[in-house]
Each structure stands twice: as structure tokens, then as C-alpha cells.
Amino acid sequence: MGLFSKIKNMFKSTEEEEDIVEEQEDEEVEEDEEESEVDEEIQEEIEETNEEETEIDEEDDSTDVEESEVEEESEPVVEETKVIEDKKSIKKAKKEKKKEDKKKDIKIYEKGLSKSREGFVSKLANLTNKYKKVTDEYFEELEEILIMADIGVNTVMDFIDRLRDRVRKEHIDDPSELKEIIVDELFIIYVNDEILTNKIHYNDKDISVILFVGVNGVGKTTTIAKIANKLKSEGKKVMMVAGDTFRAGAIEQLHEWADRAGVEFFGKEENSDPSSVLYDGIENAREKGCDVVLVDTAGRLQNKVNLMNELEKMNNVINKLVDGGCSETLLVIDAGTGQNGINQAKAFKEITNITGIVLTKMDGTAKGGIVLAIKEEVGIPVKFIGLGERMEDLVSFDIEKYIYGLFKDMM
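Residues numbered from 1 in each chain as written. Predicted model: local features only at pLDDT ≥ 70, side-chain atom pairs only at ≥ 80, totals over all residues. Heavy atoms only, no water.

Engineer: It is not clear to me how the overall build of the protein should be interpreted in this structure. Could you clarify?
Structural biologist: Across its full length, the protein holds 14 helices and eight strands. Counting the 411 residues in the protein, one finds 45% classified as buried. Here the protein displays about 21,400 Å² of accessible surface, and carbon together with sulfur accounts for 45% of that area. (Helix = DSSP H or I, 4+ residues; strand = E, 2+ residues; numbered from the N terminus. Buried < 20%, exposed > 50% of the residue type's maximum accessible area, 1.4 Å probe, protein only. Areas by Shrake-Rupley, 256 points an atom, 1.4 Å probe, with all protein chains shown as cover.)

Right under this line is the structure:
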């Protein structure tokens, strides 16, 4: 079974619900067995206690002390039962929350990728209906559709070569048979036999510091706020530090977003030295017991040398103050900028160590293929994807949910 079929089955709502019901039934059977065993043990202990109490009643008054000891022994049995029930309740609540979070994320992907799905997938469907056989003309039109979806020229050329090779080897003649293969090959482009993670790396030894880089106008400030909100909901104490001291209004804007997200904020006046702001910000975060520091930085890519020096100084500050150094450097890119966004990724990769990509405004573009192009051309994983304006619309990137959201109408 190819990836197309696997993902189609994975996200079928009815099958998903059936699987969840089956899992719950299995768990309930196991829990009933555990409860039965626990009940039997408790019953045996109670019977033993009753026998001891009967013997005590028949003895003289000197056995009052022993009766007191029996009552004390019976108390742990009740407490143990309560602990077991509490653990089961917590386990059940966690599973319910995980299930609800998964459903919520799937809905966000579906809605957020609707423009890309309508533009990209509808063209693929029309192409399949247009041709009765797989021909050179079919491949030429498919190539054009993929390039228009911002997948990238080099990526598309490699993809078409691989697709032609599979068509030849598997003797495929009907274009409708290629739908599943196209999804499979696009997935392979992103994964490329690598172990990918969308998880944020946290510092186990010390406070975690995450730098955010990106040109002005890509949604960097709001992205920081959304991630701060996400981390706060996970129980972390967060501080936002205004390291972009040169853009007019940047400090006030970040402060406002910190207030909205309900997290700590640190900043100084405009034109302050960013490294000095970062130094004092980390120290302030320590004093307030913060777990994570999210740092805004300047986006003046037009002067690479100055920006590189500035980021190098900031990393030196982090290395000096934090055991283990910087946890992450996330590059924020506006998905709607297409090839320009890929060029930004390449440029920032030259001047600092980018550990992950945040793609914003995916809901506003019909060119959702930029996810594949960035991974293929820059080699940096996408860690977050923005699929709407609300705080919760910035979600951890999941390749399977992305594929489902993009190709849902073909499944």
C-alpha cells in the first residue's frame, strides 16, 4: 500500500472513530481486569482484617492495642484504591485531550490549505480528466502545474524524472493511476530517508533560548507571540525579549503581543545594542524563573555582513550565559513570497546556523508547494506552519497532515 492509501485511511473520520472506540474498549477490558484483580486483593485483605477483628473481640481488654494496629493497616488499602482510581482518571483525561488536539489540528490543516488545495489539486484533477493516456504532453503540463505551486524548478525536474522512470518500469498507461504515485513521490521528496522532527529542542541543562530571524514583514513578531502562547499552554514560563532595536515600533509591538499572550517581556529603548538587551533579558528571565526565552532579532538582510556580525555577537552572549548555548534558531518565512522566500532561507543559512523553518500565512496562498521546495533546496526542516490569524492557527508541522490537507479532495 502506498502513502496515498495509508494517509487516506488514516484520516477517514469514521475509521478513525472506530479505531478509537476499539482502543477504548480494549483499554476498558484491561482496566476491568486490573480492577478485578485489585478488588480481589482488597477483598482478601478485608476478610483477613475481619477475621483478625473477630479474634480480637474474643480476647481480653489487652488486645485493644492490636485492634488499633489492624485499623491502621486497613487504611493503606483504601488509600491504594484511591491512587489507582486517580491514575486511571489522569490517563483517561490525557488520552481524551490528545484525541481532541489531533482532531483540532486536522481541521486547521484542512481549512488552512483550502486555497492551495483548490488551486493545485483541482488542476491535477483536470489534467487527469484531460488525458486518456500518459504522454509527453501530460508530463509537460504536470511540470507546469507543479512549478506554479511553488515546488521549485529543480525539485520539479527531479520529480518528473522519477515519475517518468516509475511509469516506464511499472508500465503505467492510465493517468488516474498516477494520482497515488504523485503523492508518494512528493512525500519522498520531503522525507528523503531522513529522520525528521518538528519538535523544539529544549536545553536540559539550563534555560532555553530561541532566536527568531527573518526579514521584516514576514510575521516574525506575531509568530513569536503564537509560539509563546503555545509554550505557555504546555506549562512553560516564557519571556519575550525585544532584540530588534532598530525597526521603529518593533519593541512596543512585541510588548503588546507579550501582554496578549500573557507572558513575560523584556526590552530597552530603540537603537540599544541588541547583544546588551539579550544579556540583560536572559538575566532578568533567570530572576523570574522562566523556562524559555524567545528573542526577536533585526531583519536587515540587505546588509548581510552587519547582520551576520550582530547574530554572532548575540550567540556569543548566549554561549557565555547559558550552559549548552542557543537551543534553536528559527527562520520565519512568508509562504506567499514563493521563490523569494527560498532565497531568504539560503541567504540566512549562509550567515547563521538555522535549525528550523516557520512558514507563515500558508492560508493566504494557493502555492502550498513551498514546503517541499524549502526542504529540498535548503535542507532545513519546517517546524511550524501558520494556517490562520488566531493564536492556535500556528501548529507544529506534520508532513502527513500537510499531505492530507493538500490532497484531501483526491482521497
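Engineer: Can you help me understand the packing of aromatic side chains in this one?
Structural biologist: Applying the stated rule across the entire model yields three aromatic pairs. An angle of 90 degrees between the planes, with centres 5.9 Å apart, marks the rings of Tyr131 and Tyr138 as edge-to-face. Taking the relative accessible area as the measure of exposure, Tyr131 reaches 15% and is therefore buried. On the numbers, 5.6 Å between centres and 55 degrees between planes, the contact of Phe397 with Tyr402 is tilted. With respect to burial, Phe397 and Tyr402 carry one shared label: buried. Of the aromatic side chains, those joined through ring pairs into one cluster are Tyr131, Tyr138 and Phe139. Above the plane of the ring of Tyr202 lies Lys236, whose end atom (NZ or CZ) is 4.4 Å from the centre. It is Arg260 that lies over the ring of Trp257; its NZ or CZ is 4.3 Å from the centre. (Phe/Tyr/Trp six-rings, centres within 6.5 Å; stacked < 30°, edge-to-face > 60°. Lys NZ or Arg CZ within 6 Å of the ring centre and 35° of its normal.)

Engineer: Teacher, can you tell me more about the side chain of Gln344 here?
Structural biologist: Along the chain, the position of Gln344 falls in helix α12 (residues 339-351). Every residue in contact with Gln344, bar those within four places of it in the chain, is listed here: Val215, Val218, Leu301 and Leu331. (Contact = heavy atoms within 4.5 Å.)

Engineer: Please clarify how the nonpolar core should be interpreted in this entry.
Structural biologist: Soluble globular proteins tend to bury their nonpolar side chains together. By size, the foremost hydrophobic cluster in this structure holds 110 residues, and its most contacted members are Phe120, Leu142, Leu294, Leu359, Met362 and Tyr402. When residues of this core are assigned to their parent elements, the largest contribution, nine residues, is made by helix α7 (residues 178-191). Sequence-distant contacts of Leu294, that is, excluding residues within four places in its chain, are made with Ile210, Phe212, Ile224, Ile227, Ala228, Leu231, Val238, Met239, Met240 and Val241. (Core = buried A, V, L, I, M, F, W, Y, C linked by side-chain atoms within 4.5 Å.)

Engineer: Where do I start with the pairing of strand β5 (residues 328-334) in this structure?
Structural biologist: Regular strands show a simple pattern: their side chains alternate between the two faces of the sheet. Of all seven residues in β5, seven are buried; the element is thus mostly enclosed. Side chains Glu328, Leu330, Val332 and Asp334 project from β5 onto one buried face, and the interleaved Thr329, Leu331 and Ile333 project onto a second face that is buried too. Strand direction decides the pairing type here: strand β1 (residues 208-213) and β5, joined by four bridges, are parallel. Paired with Phe212 across the strands is Leu330, a residue of β5. Summarising the sheet, β5 and strand β6 (residues 356-360) pair through five bridges and their orientation is parallel. Across the sheet, residue Leu331 finds its bridge partner in β6, namely Ile357. (Pairing = 2+ DSSP bridges.)

Engineer: Got a minute to help me understand the side chain of Glu110 in this structure?
Structural biologist: Among the structural elements, Glu110 can be located in helix α3 (residues 64-112). Look past the residues within four positions of Glu110 in its chain and what remains in contact with it is Arg117, Tyr404 and Lys408.

Engineer: I'm lost on the sheet that holds β6 in this one. Help?
Structural biologist: Working definition: the strands of a sheet are paired by backbone hydrogen bonds and lie parallel or antiparallel to each other. Taken in spatial order, the eight strands line up as β3-β2-β4-β1-β5-β6-β7-β8 in an open sheet, and their pairing is mixed. Looking at the sheet topology across the chains shown, the edges are occupied by β3 (264-266) and β8 (394-396). Between one strand axis and the next, the sheet turns through 25 degrees on average, direction left out of account. With five bridges joining them, β1 and strand β4 (residues 292-296) adopt parallel strand pairing. Opposite Ile210, over in β4, you have Leu294 as the bridge partner. Across the face of the sheet, helix α13 (residues 370-378) comes into contact with β5, β6 and β7 (382-386) while running at roughly 160 degrees to β6. (Axes fitted to C-alpha atoms, helices over the stretch in contact; angles between N-to-C directions.)

Engineer: Please explain unusual backbone geometry as it appears in this structure.
Structural biologist: A negative phi holds for most residues other than glycine; trans holds for most peptide bonds. Unusually for a residue other than glycine, Asp150 sits at a positive phi of about 70 degrees. Turning to its location among the elements, Asp150 is positioned in the loop between α5 (136-148) and α6 (153-169). The exposure class of Asp150 is buried, given its relative accessible area of 13%. The phi dihedral of His171 is positive, around 55 degrees, even though this residue is not glycine. Position of His171 relative to the elements: it lies in the loop between α6 and α7.

Engineer: How do you make sense of the environment of Tyr202 when you look at a structure like this?
Structural biologist: Here Tyr202 lies in the loop between α7 and β1. The exposure class assigned to Tyr202 is partly exposed, which follows from its relative accessible area of 24%. For the pair Tyr202 and Gly324, spaced 122 residues apart in sequence, the C-alpha to C-alpha distance is 10.0 Å.

Engineer: How should I be thinking about the pairing of strand β2 (residues 238-242) in this particular structure?
Structural biologist: Buried residues dominate β2, accounting for five of its five residues. Here β2 runs beside β4; their pairing, made up of five bridges, is parallel. Directly across from Val241, in β4, lies its bridge partner Val295. Note: β2 against β3, three bridges, orientation parallel. By the bridge assignment, Val241 is partnered in β3 with Phe266. Between the parallel elements β2 and β3, the chain passes through helix α9 (residues 250-261) in a crossover that is right-handed. (Right-handed = clockwise from strand over helix to strand, strands pointing away.)

Engineer: Would you take a moment to explain the environment of Asn343 for this structure?
Structural biologist: Of note, Asn343 is situated in helix α12. Spatially, the C-alpha atoms of Asn343 and Ile374 are 9.3 Å apart, while their sequence positions differ by 31 residues.

By themselves, these figures tell us nothing about what the structure is for.
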